[in-house]
Amino acid sequence: MKRMTSLLQDNNSITNASITGTPLESKARSILASSIHSIPSTTSSSSSIYYYPKAYNSTDVNGVVDSTTLLLAARTLSKLGRSDLSWEFLRTLFRAQSSNGFLPKLVYLNHTNNDKQEFEGAAWKDFIGIYPGPKMFGDTASEEDAIQQSLDTETKVWSSNTIMATPHHATSILEIFYLSNQTLKDVNNLSIFYSKLQKWHTFMHQQVISNCSDGRDANYTFPCIVVRHPLETEIDMASPLWESALMNVTKIVKEEKWNSGISIPKEVKDSFDYPGDDIYNSYLYLLQCLNNEGNNNATSQSNTNYTNHDVFYSRCPFGMLDVGFSAALAKADTDMLMIGQILSDKNHLTRPTMDEMASTKTRSNRSLDMLNALWYDEKQSFFNRLVTLTETDYGWYSSNTTTSLEASIAYNFFSMIDPMLNSSLVAKMSMQLLQRSGKLSFNCGDYPLWSVGGCKGSSPIIPLVNYRVSTGLIRNGELGLGDYTSNGLLNLICGLPNSDESNLKNCSKILYFANAFNATSGLPMGNNIVQSSLTAAVVLDILVPDKEFVYESEPPISSSSVIFLIAAELVVAFAVGVVCLVLSLNLMRRANADEEGDEFVQLVNEQQPLYEEPEDDEDAAANTSGIGAWSLELISSMSPMKWFSRGSANNS
């Protein structure tokens, strides 16, 4: 309990420090710090504590964990010196991991006080704020959570068990480690999550991309890594892409006169990216389809979708190859290699084997191939591809082809999340960011980056999109364009002109940390969600520079092992010394005894008369066989000189 209280009280370290000394940074720090919550609260006696960042400043979303928000907040907190909270955030997120490795987009925390019949956290509802609630996904729990709930029956962990997260996890965990102090505890945490990440990536490559290598065509456009719902991407629902991508689903909904029977709350309809009733009903139809066909913590992914030789099958009428999802997986597979290398260089007990590293390398090459397959050379851009599904006689949908969705959206630039091998592709896409006319132009208006290209009308400017694109540009060597994109976002939030003369210290007194801004007016869009912890994390991540991404290797043997070996050698050396001392003392005593024996023999010989009368034969025989003669003979035989003389005689 003391540990939990101290973690939350230490939030002063987040709000008090400042790198730039600007109102923008101070406000972002305050929003991020106030978003940090725990389920149960500090007043509970529960043994299980779940830390998470609330998506925005409303009690309506208590207990809702958005994986995208959590991963970015955790990265930023590590940069601010609070990697302890970052690891706790990750523990909460991975609590919902299923036995097959699946990780959900959303996690719901509910803590019930049985004594008072009260609860805190997420309620069992269809909607919680702007998010679909746990009731939409059924009452399921991960294998790890089932074990945990047996220890703490008051806390429940639900999840979007049929909607997987965008796979940024490995990248975030690696960068959290880099930005931490890299203590032994940080290394151990890296090792713990590496094992969980292995399960997640195995799920992605063995179930989501099942048998894909057997069925790809020459251009790698076969439906390999497929998202099955808009929630599995980071594309806003108001994007024009969904009108064409969900066309078949919308058609089915209208023909069947399907109705969800769920009342869509005002918070959802007031959201900046509410697409209208038709598209949103398609959104809900797909949710219900996925849940009906399999709600056993996403094990249904191998049942509702699978690839058999050259045909892709699905229970639900939607499948799409997403640029952002594919790029995130390619980057994450690469970062899995680096995490494995770090654990090997640190000589950690759980470091991967050579075979595991080779398998990870194969996966990395494979996912990179799938991303590159989305490049459309004629248009000089990456595009999503829609799986062209055909309904079978058995109610399934099948396909072995995809068609390009040539939507001019900023999400196409997510392909640059990692340094690209072909630098010419970066140059070609960067030109679109500088063009002011044409369908694929994005240099529109005073502030970058419009989420929709073409420079017609107005478009939302979404902080998350600006962050992803600017980060990708910088990683690919386009430093000037990357800084322009990120600085433009900061000026927009500050209410300053987008120019080099703008100073963030002159920010407006009223700062809006919204999820989206109107590109023309610069005002926040949607409902009154103006305290987004995701936007606060993005702003801080831009303002506070990263540390250099390096680590120190450990010697071939750990320091503890070295100390143990030195101690063992000292013990052995001491024992040898004692043995030598004892042997020396025994030899000295033996030598003294030998000298005393020689003196005794000499004394006896000296006492013998020089001449004796001859004895009778009988007397001589008696003396010879008597005890005196026997004693003299024994003493004489013990003389060392006699042994040496015998040795000399034998040698001769």
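Residues numbered from 1 in each chain as written. Predicted model: local features only at pLDDT ≥ 70, side-chain atom pairs only at ≥ 80, totals over all residues. Heavy atoms only, no water.

## Let's talk about the overall build of the protein
Phase 1: Scanning the protein from terminus to terminus reveals 24 helices and 19 strands.
Phase 2: Residues counted as buried form 51% of the 652 residues belonging to the protein.
Phase 3: For the protein, long-range pairs separated by at least 24 residues make up 72% of all intrachain contacts whose partners lie at least 6 apart in sequence. (Helix = DSSP H or I, 4+ residues; strand = E, 2+ residues; numbered from the N terminus. Buried < 20%, exposed > 50% of the residue type's maximum accessible area, 1.4 Å probe, protein only. Contact = heavy atoms within 4.5 Å.)

## Examining the side chain of R363
Phase 1: Checked against the element boundaries, R363 lands in helix α16 (residues 354-372).
Phase 2: The side chain of R363 is buried and forms no salt bridge, while D333, the nearest opposite charge, is found at 6.0 Å.
Phase 3: Discounting residues that sit within four places of it in the chain, R363 has contacts with Q198, H201, T202, H205, Q206 and D333. (Lys, Arg positive; Asp, Glu negative; His and termini not counted. Salt bridge = Lys/Arg side-chain N within 4 Å of Asp/Glu carboxyl O.)

## Some remarks on the environment of V107
Phase 1: Note on placement: V107 falls in strand β4 (residues 106-113).
Phase 2: Given the relative accessible area of 0%, V107 is considered buried.
Phase 3: Here the alpha-carbon distance between V107 and W158, two residues 51 residues apart in the chain, equals 5.8 Å.
Phase 4: Setting aside residues up to four positions removed in sequence, V107 forms contacts with G63, V64, V65, L93, A96, V157, W158 and S159.

## Digging into the nonpolar core
Phase 1: If you look at the biggest cluster of nonpolar residues, it comprises 162 residues, and the most contacted ones within it are L24 and W242.
Phase 2: In terms of residue count, the dominant contributor to this core is helix α15 (residues 323-345) (10 residues).
Phase 3: Each residue touching L24, except ones within four places of it in the same chain, is listed here: L490, I493, C494, L504, C507, L511, F513, V539 and L543. (Core = buried A, V, L, I, M, F, W, Y, C linked by side-chain atoms within 4.5 Å.)

## So, the confidence of the model for the protein
Phase 1: Averaged over the protein, the pLDDT score is 82; the fraction of residues at 70 or greater is 78%.
Phase 2: By mean pLDDT, helix α14 (residues 301-304) is the weakest element of the protein at 41, and helix α7 (residues 169-179) is the strongest at 97.
Phase 3: Note on residues 1-5: pLDDT is under 50 here. Beyond four places in sequence and across chains, it has 12 contacts.
Phase 4: Counting interchain partners and residues more than four positions distant, the pLDDT-below-50 stretch residues 638-652 has six contacts. (pLDDT = per-residue confidence, 0-100.)

## Focus: the state of the cysteines
Phase 1: Inspection of the entire model under this criterion finds three disulfides.
Phase 2: Across the disulfide, C289 is cross-linked to C316 (sulfur-sulfur distance 2.0 Å). Its S-S torsion of about -105° marks the bond between C289 and C316 as left-handed, since a negative value means left-handed. Remark: C316 occurs in the loop between β10 (311-314) and β11 (320-321) and C289 occurs in helix α13 (residues 277-293); sequence separation between them is 27 residues.
Phase 3: Assessed through its relative accessible area of 12%, C289 is described here as buried.
Phase 4: Note that C494 is cross-linked by a disulfide to C507, the S-S spacing being 1.5 Å. Of this pair, C494 sits in helix α19 (residues 479-494) while C507 sits in the loop between α19 and β19 (517-518), and the two are 13 residues apart along the sequence. (Disulfide = S-S within 2.5 Å.)

## Remarks on the packing of helix α5 (residues 83-94) against α7
Phase 1: Running from amino to carboxyl end, α5 crosses α7 at an angle of 160°, the nearest separation of the two axes being 11 Å. Classified by the angle their axes make, α5 and α7 are roughly antiparallel. Pair α5 / α7 crosses with left-handed handedness. Along the contact surface, α5 presents S86, W87, L90, L93 and F94, while α7 presents H169, I173, I176 and F177.
Phase 2: The residue makeup of the contact of α5 with α7, split by class, is seven nonpolar, two polar and no charged. (Axes fitted to C-alpha atoms, helices over the stretch in contact; angles between N-to-C directions. Parallel < 35°, antiparallel > 145°, perpendicular 65-115°, else oblique. Left-handed = near helix turned anticlockwise from the far one by under 90°. Nonpolar A, V, L, I, M, F, W, Y, C, P; charged D, E, K, R; others polar.)

## Digging into the sheet that holds strand β17 (residues 402-405)
Phase 1: The sheet built from three strands is open, its strands ordered β11-β14-β17 with antiparallel pairing. Both edges of this open sheet fall to β11 and β17, since each of them pairs with a single strand only.
Phase 2: In this structure, strand β14 (residues 384-387) lies alongside β17, joined through four bridges in antiparallel fashion. Note that in β17 the partner of R385 across the bridge is S404. (Pairing = 2+ DSSP bridges.)

## Details of the pattern of salt bridges
Phase 1: All chains considered together, the criterion is met by 15 salt bridges.
Phase 2: In this structure, R75 engages E175 in a salt bridge whose closest nitrogen and oxygen atoms are separated by 2.5 Å. A residue pair is termed long-range when its members are at least 10 positions apart, and R75 in helix α4 (residues 67-79) and E175 in helix α7 qualify at 100 residues. For the pair R75 and E175, one class covers both residues: buried.
Phase 3: Measuring nitrogen to oxygen at the nearest pair gives 2.6 Å for the salt bridge that ties R475 to E175. Pair noted here: R475 is in helix α18 (residues 463-475) and E175 is in helix α7, with a separation of 300 residues, a long-range link.

## A short note on the packing of α4 against helix α20 (residues 533-543)
Two numbers describe a pair of packed helices, the interaxial angle and the distance between the axes.
Phase 1: For the pair α4 and α20, the least separation of the axes is 9 Å and the interaxial angle reads 35°. In this structure, α4 meets α20 at a crossing whose hand is left-handed. Across the interface between the two elements, T68, T69, L72, A73, R75, T76 and K79 of α4 pack against S533, L534, A537, V538, L540 and D541 of α20.
Phase 2: Here the contact of α4 with α20 is built from residues that sort into six nonpolar, four polar and three charged.

## Re unusual backbone geometry
Phase 1: The peptide bond linking I39 to P40 adopts the cis configuration, its omega dihedral lying at -5°.
Phase 2: Examined against the element boundaries, P40 turns out to sit in the loop between β1 (36-39) and β2 (50-53).
Phase 3: Cis peptide bonds are those with omega within 30 degrees of zero, and the linkage from P448 to L449 qualifies with 0°.
Phase 4: You can see L449 is positioned in the loop between α17 (423-434) and β18 (460-461).
Phase 5: One non-glycine residue with positive phi stands out, namely Q182, at about 55°.
Phase 6: In this structure, Q182 sits in the loop between α7 and α8 (184-208).

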